[in-house]
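Observations on the three-dimensional arrangement
Listed below, chain by chain, are the residues.
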Amino acid sequence: MIKKRVLSICYITPNKLGSFEEFIIALSKKLKEKGFSHVVIFTGEPLKEIYDRLLDEGAKIETINPSYSYLKDAFLFYKLIKKFNPSIVHFHYYQPYTIINYLAFFKDIKIIYSDRMSYKKPKNWFKKISRKIYYPTRAKIFNLGINKIICVSEYVKLKHIREYKVNPQKLIVIYNGINTNKYKKINVKDNKIINKFNIKSEDIIITCVAYLAKEKGIQYLIKAAPIIIENVPNVKFFIIGDGPYRKKFEALVKNYGLKNYFIFTGSRSDIENFYSITSCMVVPSIWEEAFGFVAAEAMSTEVPVVAFNSGGLKEVVVDGETGYLVPIKDYLSLAEKIIEITKNTNIAKMMGEKGRKRIMEKFSLENCVDNYIKIIFF
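Residues numbered from 1 in each chain as written. Predicted model: local features only at pLDDT ≥ 70, side-chain atom pairs only at ≥ 80, totals over all residues. Heavy atoms only, no water.

Some points on the pairing of strand β3 (residues 60-63)
When strand β2 (residues 37-42) meets β3, the two strands line up parallel, connected through four bridges. Bridged to V40 within β3 is I61. (Pairing = 2+ DSSP bridges. Helix = DSSP H or I, 4+ residues; strand = E, 2+ residues; numbered from the N terminus.)

What follows is the structure, given as structure tokens:
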């Protein structure tokens with residue numbers, strides 16, 4: 001009898017219903033329709049809404065304590081595989097090239113990775129040379145048990161070929177998917193955050209959604225802000241998210257005398273409501289993004305995007321059509337393009353409509369899940 005069970009090991013603790021969580025739920029639904037059972041592993045208890053929706057789609061949920069040791073994880077995952085006896089073990093947010101892959105030689109399983117990891121370029125020549133030796137060696141030793149690595153962009157695929165010297169036959173590109181029913185423009189009168197944040201009808205909203213770390217580049221949006229304010233005085237900047245650099249970013253805003261213009265909301269579960277009142281979405285990431293979920297979510301909500309030309313973002317945002325891509329760290333160009341969008345409603349409307357159409361055609365959640373099912377599981 002053919003085993004029809006997928007074990008998804010997600011090395012995260014979901015605390016919000018974002019696009020990745022929407023994907024896992026939609027995948028569970030599709031697997032159930034195809035007669036598969038789905039076991040989803042998290043590193044901590046997920047948000048109740050996520051837990052309940054996964055259960056509704058027939059998934060079984062377990063949590064594990066992350067060890068951050070590949071040897072300990074190998075033993076932990078072996079026990080999970082022995083317990084659930086899956087045909088496919090699917091890793092998310094986990095380093096592909098480790099001793100874990102040797103489990104394929106002890107158990108009758110296919111090992112698949114979805115690589116959604118961003119990439120940080122080496123800062124100096126020593127690290128660059130070290131990586132040229134370390135990465136290919138590691139991949140050569142540990143890639144043997146891998147059936148496929150799903151890359152969420154052509155950029156990620158190229159990373160594995162260039163940095164790890166992996167056989168391209170093991171790599172396949174399936175773009176991330178966006179729930180276009182959730183991320184769509186809603187009537188301003190129905191938007192619950194307008195009163196909460198005292199947003200006036202004449203306010204121009206610039207939004208940035210990110211984990212607040214240095215690599216996400218919020219400091220460059222703050223540097224651009226005085227130029228933007230000079231040209232668009234009724235602007236407000238919403239910084240949505242949390243992280244280790246939040247206090248530093250808040251201090252930088254204070255040092256620039258911009259406290260009246262910036263609102264740090266912390267983590268939010270209603271990001272789609274912010275998108276619906278946003279004139280321009282900014283993604284100032286200074287490391288190489290694997291894909292760019294927030295850019296795609298904003299585009300699905302008919303919001304033009306201005307982003308640094310980073311990694312997989314250039315595959316999501318079409319420069320000059322759905323927004324603008326500017327050189328990394330160039331805050332002057334960042335300011336220029338934000339001003340252009342916010343001062344020209346015709347351009348903004350055209351970009352918003354083209355963005356929504358692009359997401360519907362190329363990056364919808366339905367297409368993403370269908371591709372997983374067709375290409376990976378059958």
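Observations regarding the layout of surface pockets
Space inside the second largest pocket adds up to approximately 500 Å³. Taken together, the elements giving at least two residues each to the lining of the second largest pocket come down to β8 (204-209), α12 (331-343) and α13 (345-362). Sorting elements by how many residues they give to the lining of the second largest pocket places α13 first, with five residues. Counted by class, the lining of the second largest pocket contains 10 nonpolar, seven polar and six charged residues. (1 Å grid on protein atoms, 1.4 Å probe; cavity = no way out; pocket = protein on both sides within 12 Å on 5 of 7 lines; lining within 4 Å. Points joined across faces, edges and corners; volume = space filled by probe spheres on them. Nonpolar A, V, L, I, M, F, W, Y, C, P; charged D, E, K, R; others polar.)

Quick look at the sheet that holds strand β13 (residues 323-326)
Working definition: the strands of a sheet are paired by backbone hydrogen bonds and lie parallel or antiparallel to each other. As summarised here, the arrangement of the six strands in space is β10-β9-β8-β11-β12-β13, forming an open sheet in which the pairing is parallel. The open sheet has two free edges, formed respectively by β10 (262-266) and β13, since each of these has just one partner strand. Across the sheet, the mean angle from the axis of one strand to that of its neighbour is 20°, orientation sign disregarded. Taken together, the four bridges between strand β12 (residues 305-308) and β13 define a ladder with parallel strand orientation. Along β13, the bridge assignment pairs V306 with Y324. (Axes fitted to C-alpha atoms, helices over the stretch in contact; angles between N-to-C directions.)

Describing the pairing of strand β4 (residues 88-92)
Burial within β4 is extensive, with five of its five residues counted as buried. Of the two faces of β4, the one carrying I88, H90 and H92 and the one carrying V89 and F91 are both buried. (Buried < 20%, exposed > 50% of the residue type's maximum accessible area, 1.4 Å probe, protein only.)

Focus on the sheet that holds β2
The parallel open sheet is built from seven strands, whose spatial order is β3-β2-β1-β4-β5-β6-β7. The sheet is open, and its two borders are formed by β3 and β7 (171-173), each paired with just one other strand. Pairwise comparison of adjacent strand axes, ignoring direction, gives a mean angle of 20° for this sheet. Direction of pairing for strand β6 (residues 146-151) relative to β7: parallel, over a ladder of three bridges. The partner of I150 across the bridge, within β7, is I172. Of the strands in this sheet, β1 (5-10), β2, β3 and β4 are in contact with helix α3 (residues 70-84), which crosses β1 at around 155°. (Contact = heavy atoms within 4.5 Å.)

Re the side chain of N101
Topologically, N101 is positioned in the loop between β4 and β5 (110-115). Engagement of the side chain of N101 in a polar contact is seen with the backbone oxygen of P96, the distance being 2.7 Å. Among the polar contacts made by the side chain of N101, one reaches the main-chain carbonyl oxygen of F142 at a distance of 2.6 Å. (Polar contact = N/O pair within 3.5 Å; in protein donor to acceptor, adjacent residues only side chain to side chain.)

Some thoughts on the nonpolar core
L7, F77, F91, M281 and V305 are the most contacted members of the largest nonpolar core, which has 67 residues in total. With six residues, α3 is the single largest residue contributor to this core. Leaving out residues up to four positions away in the same chain, F91 has contacts with I9, F77, I100, I111, I112, Y113 and S114. One finds I204, C208, A335 and I338 within the second-largest nonpolar core, a separate group that totals 35 residues. (Core = buried A, V, L, I, M, F, W, Y, C linked by side-chain atoms within 4.5 Å.)

Some thoughts on empty space enclosed by the protein
Going through the model one piece at a time under the given rule, you end up with one cavity of 30 Å³ or more. In this structure, the largest cavity occupies an estimated 60 Å³ of space. Forming the walls of the largest cavity are K16, L17, G18, K182, Y183, R268, S269, I271, E272 and E297. Its residues assigned to classes, the lining of the largest cavity comprises three nonpolar, two polar and five charged.

Focus on a positive patch on the surface
Among the surface-exposed residues, K123, K127, K214, K248 and K329 lie close enough to one another that they form a single positively charged patch. As for its placement among the helices and strands, K127 is situated in helix α4 (residues 125-142). Overall, K127 belongs to the partly exposed group, its relative accessible area being 43%. (Patch = residues over 30% accessible without salt bridge, like charges linked within 9 Å, V, L, I, M, F, W, Y side chains within 5 Å. Areas by Shrake-Rupley, 256 points an atom, 1.4 Å probe, with all protein chains shown as cover. Salt bridge = Lys/Arg side-chain N within 4 Å of Asp/Glu carboxyl O. Lys, Arg positive; Asp, Glu negative; His and termini not counted. Charge placed at Lys NZ, Arg CZ, Asp CG, Glu CD.)

As for a nonpolar patch on the surface
The grouping of W125, F126, I129 and I133 at the surface amounts to a nonpolar patch, some 500 Å² of accessible area in total. Inspection of the secondary structure assignment puts W125 in helix α4. Of the residues examined, W125 reaches a relative accessible area of 63% and is grouped as exposed.

Focus: the packing of helix α10 (residues 293-300) against α13
At a minimum axis distance of 7 Å, the contact between α10 and α13 shows a crossing angle of 115°. Classified by the interaxial angle, the pair formed by α10 and α13 is roughly perpendicular. Crossing geometry of α10 relative to α13 is assigned as left-handed. Residues A296, M299 and S300 of α10 form the contact with α13, whose own contacting residues are G352, G355, R356, R358 and I359. Partitioned by chemical class, the residues of the contact of α10 with α13 number three nonpolar, three polar and two charged. (Parallel < 35°, antiparallel > 145°, perpendicular 65-115°, else oblique. Left-handed = near helix turned anticlockwise from the far one by under 90°.)

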